[in-house]
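These are the residues of each chain, in order.
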Amino acid sequence: MSIRNDLITAIGNRIAPYSNFRLSSEYPTSPDGTTLYTKNLRTFYVDQQQPALVEIFSTLDNAVLDKTETVINVYMAHDAKTEPGNITATINAAMLAKNNISAVSSTVDVTSQIDSDMITYTLEYNFTTV
Amino acid sequence: MAVINTSAGSKAVLVLGASAANANVLANTGLTVPYMQDITINNSTGVFRWKTLDETAESAATTPATNQVTLNVVVDDKAFFGNVSLTDAVANTGLYGCSKNKTRVYFEIAFNGRTAGQNYLSGSGFISGLAPTVNPDAPLWVTPVTIEVDGDFGSDVTL
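Residues numbered from 1 in each chain as written. Chains lettered and ligands numbered in written order. Predicted model: local features only at pLDDT ≥ 70, side-chain atom pairs only at ≥ 80, totals over all residues.

1. A closer look at the overall build of chain A
Along the backbone of chain A there are three helices and six strands. Its helices and strands in sequence order give chain A the pattern α-β-α-β-β-β-α-β-β, from N to C terminus. For chain A, the C-alpha atoms occupy an extent of roughly 60 × 35 × 25 Å along the three principal directions. Put simply, chain A has 130 residues, and 21% of those count as buried. Here the contacts in chain A between residues at least 6 apart in sequence split such that 59% fall between residues at least 24 apart. (Helix = DSSP H or I, 4+ residues; strand = E, 2+ residues; numbered from the N terminus. Buried ≥ 20, exposed ≤ 12 C-beta atoms within 10 Å, placed from the backbone. Contact = placed C-beta atoms within 7 Å.)

2. Some details on helix H2 (residues 89-101) of chain B
Residue and element names in this part refer to chain B. Here H2 is 13 residues long, yet its end C-alpha atoms lie only 11 Å apart, well below the 18 Å a rise of 1.5 Å per residue gives. Along H2, the sharpest change in direction is near 90 degrees and occurs at Leu95. Along H2, the residues that are buried comprise Ala89, Val90, Ala91, Thr93, Gly94, Leu95 and Cys98. Where the residues of H2 are buried, they touch strand E1 (13-17), strand E2 (31-32), helix H1 (77-81), strand E5 (104-110), strand E6 (119-128) and strand E8 (138-149). Positioned one or two residues after H2, Lys102 has a phi angle of 55 degrees, which is positive. (Expected span 1.5 Å × (residues − 1). Bend = angle between axes of the 7 residues up to and from the residue.)

3. Here's the deal with the packing of helix H1 (residues 3-15) of chain A against helix H3 (residues 87-96) of chain A
Residues and elements named next belong to chain A. The N-to-C vectors of H1 and H3 enclose an angle of 145 degrees; their axes lie 8 Å apart at closest approach. As for the relative orientation of H1 and H3, their crossing is right-handed in sense. Contacts between H1 and H3 involve Ile11, Arg14 and Ile15 from the former and Thr90, Ala93, Ala94 and Leu96 from the latter. (Axes fitted to C-alpha atoms, helices over the stretch in contact; angles between N-to-C directions. Left-handed = near helix turned anticlockwise from the far one by under 90°.)

What follows is the structure in structure tokens.
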């Protein structure tokens, strides 16, 4: 299982009590460039994972001792005119999904952006694995 | 004259053994310490100084040296806790076992790889200074290791 798949499962379980929000297993952008989260409001979309190998230590015998830092962005948008019920609880629940991922270090940052009549939340998850 | 370049890997080699023969860098019977991050050989002599009324500067004489080998390693489970499949007592009990049991360890330090005709230092002493540590940003155990050398270093060329 990839970290993305684990994260989809974790977010799905965490936001399950909030029925006015949904989770899609699709990527957030369709092949024609359409952002699906602005088309399907109140639906979480999990982007592809972006791994980076970072050297932990260098050794005299040239051993490879790396860690993998994986970044995954999750997007969700809703109508800016009317705040949906449980929005804060749902975002918090989605953030806590990081604790369900097996990693040495898990962090998440949330940013929101108002564009026209929509608020888009971006949850940036960072996972460190060895 | 030539500098000793270790960038190719496996050039700076530390082998430990329960006997001088087992610690031979060309033999494969001792414990070759893996994942060394750095190694320092200390041959630090003491100095006795005295002044006399007929001299304008101090006189000095060296006193017996304190010899140590210090290194930092990423912990390998078999090197640290021992490899029971190996017969050499040091390789069998590992760094931690040798430290705990205060076992005398013999060592050879190759400067330029495990090939014939290269310089090395040798000696024997006791392992101390183990302090394994780990943290979330560098999630691999690392530990300093000190070999408190008993007596002098030997220096020779591998045959």
